[in-house]
Amino acid sequence: MQKIIMPVLLLSTALVFAQKAETPDQNYNLGSKINEMTLTVGGVLVVATNDGLVGIKPTESQPVFTFNNFGKLKPEETDFIPGSPYVIVSQGAGSKLAGIAKTKRAVIDYVRGRVIFNSEDDNWNQVYTCNVILPQNKLIISGIQKVGDKFEKMTPKVAVYDLSSSTLDYSFFLDKPGRVGVSKDFSVTGTPLLLKDFLIIPTAQGLIAKSHDGTELWTAKIKNVSKMIADASENEIYGFEAVNAGKNTRIHKMDKNGKALWDDDRKIKGVISKFEILPQGLAVVSNKSSGGDTSVFATKDESEIAFLSAVSGENLWEKAPKTKGYVQHFYIMEDGILFGIQSGGINKISFDGKPLFKKPLKTGENIITMAESPQGLIYITSEDANIVNLKTGEEVWTKPLKYKSSASVVSTFDNESNRYFIATDDTVFTIDAASGKVSELSDIKLEEKESPNAMAIRNGNIFIGSSQNMMLLDKDGKEIYHSYYKSPGKSGFMKVVGGVVAAASLVATVSTAAAAGMNNNGISTNNLRNYNDYGKEAKRASDMFASISDASFKMMSERFKASSATENAQFILTNLDSGVGLIKVNKDTGSIDKEILLKDKKPEYKVDAYGGYLFYKANDDTIYTYNLNR
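Residues numbered from 1 in each chain as written. Predicted model: local features only at pLDDT ≥ 70, side-chain atom pairs only at ≥ 80, totals over all residues. Heavy atoms only, no water.

A. Here's a closer look at the confidence of the model for the chain. Of the residues in the chain, 87% reach a pLDDT of 70 or more, and the chain-wide mean stands at 87. Here helix 1 (residues 8–17) stands out as the least confident element of the chain, with mean pLDDT 37; strand 6 (residues 53–56) is the most confident, with 98. For the stretch residues 6–17, pLDDT sits under 50, and the model shows 16 contacts to residues farther than four places along the chain or on other chains. In the model, residues 491–498 has pLDDT below 50 throughout and makes 14 contacts with residues more than four positions away in sequence or in other chains. (pLDDT = per-residue confidence, 0-100. Helix = DSSP H or I, 4+ residues; strand = E, 2+ residues; numbered from the N terminus. Contact = heavy atoms within 4.5 Å.)

The structure is reproduced here in structure tokens:
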């Protein structure tokens, strides 16, 4: 039964005027059993069937693409490239016979429904690596191509394709076809580095640099490199090699001609997670792992932060800052490096290794938010919150706000009253930005013991949301409404959990993924955001997509320019009078604007909360879509 905790007048209004929808806007009979559904950042649903893949764009009556060339695909055989309209399909790549038997790869642009690359069409018998390179929008393939004479058909090759035009730019062999002598392993060991004037391929024999027409420029005996990064001028290049069974990393540095610039490589303990090339040096974060070893001699599960000389590779800091946990936040500031630890703690170090905070800041575990505010650095953890001076680390609020550890903590800021609001599992707190005075605004209780996952100011009131609850408080903390819609039974709920992805989470994910994909192969991202800048996040994602000269990226850019469908409403799965359904609930009134009966005790569905569409698996081979914006 649906339970609504709200005034009687609002309850009756919700039931009388809710729009009911049972006839779908689009009906897609795929003719094959549906195995898996993936909602992409582009708003297209990619469906894995017994026959292959199908793309569904809810504004079109027919699938945007159907790819059955490789037949049924396992989940691990599809790779959605973050911050892009591409999915890579692989078959045979994970087989024990991958180096002998045939392997297949394809790249699909799911937004426009184009198969950009198919290894079978281009006579690739084996594909060893397949890398999408952004923002250049290129595809780099390595493997064996059955083209040319008998020697060429046996020699490892690299090809570069343009993803916008689906055409081959150039290709070249990694070894001389027909070379006499001991056979050599030229397998590609990592992601190639595509520069303005040339391309560097990391292989088991070392680095091979080729011009864009395939002419060999130089080679370097630096083997088994997995990633490479160039500085802004592309004159200095860093290569990363995993050593000690992947537990540690070696950093190599060379110039654009392949000449080593350091006397020796630099060994870093752990796996590198952040690498920033700065005027003052190289900021490096690496994560060490015990691997489950509990002995006293085991490696600690923690991050190390190092600052290296770009000239020599030597560590410029006499003493590395203590972390005692993994780095969760890492930001480059004008005067130094600011970082937060997942297990608790925030600190700031100057570029010459001196502490900038008077003492390391103690915080609760899981730093959910670190952001700039007019008053300083605001941090919010699962246990406490405060604002501190970004220069000294001194507390701005009278005392930290402490609360019982919560599974989720949300917050917002009201410009009109100049107050912060923070909601935990059971309490809403308010903090006066001018004085730093903290006070309890209201006690809350969300049904089903839920934690809040959304908070916003709406016309001077405070909105709080969770999966099954919605609540609106006035500026004094008085409840205007509390709507609760029961989840459809534990077994059904467990089946469909995650069906609705919050628009704010999607925007943050896309924005970060786009930045990572377009900056140093995703090894380095740095952006201390302003507090409460959800709109700026959406614009950042839109601008990044727009910067790539490709129609599909332009379409994704337009998608994130538009307002989110959940700006004024929330989508909730619940029990309706006739069965399980999805409802659209107004955030200002708590009343139901629309309900869709799904007629299924355990519905399988996806909601594009940003675009405002419901994708519902009606039966084993059919998808219905509903427009939730109307």
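Right, picking up where we left off after that structure.
B. Structural view of a positive patch on the surface. Among the surface-exposed residues, Lys-300, Lys-319, Lys-322, Lys-324, Lys-359 and Lys-362 lie close enough to one another that they form a single positively charged patch. By the element assignment, Lys-322 lies in the loop between strand 26 (302–308) and strand 27 (327–332). With relative accessibility at 64%, the residue Lys-322 sits in the exposed group. (Patch = residues over 30% accessible without salt bridge, like charges linked within 9 Å, V, L, I, M, F, W, Y side chains within 5 Å. Areas by Shrake-Rupley, 256 points an atom, 1.4 Å probe, with all protein chains shown as cover. Salt bridge = Lys/Arg side-chain N within 4 Å of Asp/Glu carboxyl O. Lys, Arg positive; Asp, Glu negative; His and termini not counted. Charge placed at Lys NZ, Arg CZ, Asp CG, Glu CD. Buried < 20%, exposed > 50% of the residue type's maximum accessible area, 1.4 Å probe, protein only.)

C. Seen up close, the pairing of strand 40 (residues 469–473). A large share of strand 40 lies buried, amounting to five of its five residues. Because side chains alternate across strand 40, one face comprises the buried residues Asn-469, Met-471 and Leu-473, and the other comprises Met-470 and Leu-472, equally buried. Bridge count for strand 39 (residues 461–465) against strand 40 is four bridges, and the pairing is antiparallel. Each bridged residue has a counterpart across the sheet, and for Ile-462 the counterpart in strand 40 is Leu-473. Following strand 39, the chain reverses through three residues before pairing antiparallel with strand 40. Counted along the chain from strand 40 to the antiparallel partner strand 41 (residues 479–484), the turn is five residues long, and its residue Gly-477 has a positive phi close to 90°. (Pairing = 2+ DSSP bridges.)

D. Seen up close, the sheet that holds strand 30 (residues 367–373). Spatially, 30-31-32-33 is the arrangement adopted by the four strands of the open sheet, whose pairing is antiparallel. In the strand order of this sheet, the two ends are held by strand 30 and strand 33 (401–402), each with one partner. In the sheet, strand 32 (residues 384–388) pairs with strand 33 via two bridges, with the strands oriented antiparallel. Within strand 33, the residue paired with Asp-384 across the bridge is Lys-402.

E. Geometry of the packing of aromatic side chains. Across all of its chains, the model carries 17 aromatic pairs by this definition. Ring geometry for Tyr-170 against Phe-172: centres 6.3 Å apart, planes inclined by 20°, an arrangement best described as stacked. Each of the two residues, Tyr-170 as well as Phe-172, counts as buried. With a centroid separation of 6.0 Å and an interplanar angle of 40°, the aromatic rings of Phe-545 and Phe-560 are classed as tilted. Taken together, the residues Phe-545 in helix 4 (residues 534–546) and Phe-560 in helix 5 (residues 551–561) connect sequence positions 15 residues apart. Taken as a pair, Phe-545 and Phe-560 share a single burial class, namely buried. (Phe/Tyr/Trp six-rings, centres within 6.5 Å; stacked < 30°, edge-to-face > 60°.)

F. Highlighting the sheet that holds strand 26. Spatially, three strands are ordered 24-25-26 in an open sheet, and the strand pairing comes out antiparallel. For this open sheet the edge positions go to strand 24 (271–278) and strand 26, each flanked by a neighbour on one side alone. Taking the axes of each pair of neighbouring strands and ignoring which way they run, one obtains an average angle of 15° across the sheet. (Axes fitted to C-alpha atoms, helices over the stretch in contact; angles between N-to-C directions.)

G. Spotlight on the pairing of strand 32. Buried residues dominate strand 32, accounting for five of its five residues. Covered by surrounding structure in strand 32 are Asp-384, Asn-386 and Val-388 together with Ala-385 and Ile-387, the residues of both alternating faces. Bridging between strand 31 (residues 376–381) and strand 32 involves four bridges; their strand directions are antiparallel. Residue pairing in the sheet places Tyr-379 in a bridge with Asn-386 of strand 32.

H. Here's a closer look at the environment of Thr-299. Along the chain, the position of Thr-299 falls in the loop between strand 25 (281–288) and strand 26. Here Thr-299 falls in the partly exposed class, since its relative accessible area comes to 40%. Along the primary structure Thr-299 and Lys-288 are separated by eleven residues, whereas in three dimensions their C-alpha atoms are 6.9 Å apart. With near-sequence residues (within four places) excluded, Thr-299 lies in contact with Lys-288, Ser-289 and Ser-290.

I. Broad picture of the pattern of salt bridges. Tallied over the entire structure, the rule returns 25 salt bridges. In this structure, Lys-210 and Glu-216 form a salt bridge, with 3.7 Å as the shortest nitrogen-oxygen distance. Exposure remark for Lys-210: the relative accessible area of 6% places this residue in the buried category. Judged by its relative accessible area of 46%, Glu-216 is partly exposed. Residues Lys-253 and Glu-236 are paired through a salt bridge, measuring 3.0 Å at the closest nitrogen-oxygen approach. Of the two residues, Lys-253 sits in strand 22 (residues 248–255) while Glu-236 sits in strand 21 (residues 236–243), which places them 17 residues apart along the sequence. One connected set of salt bridges, linked through shared partners, spans Asp-109, Arg-112, Arg-114 and Asp-550.

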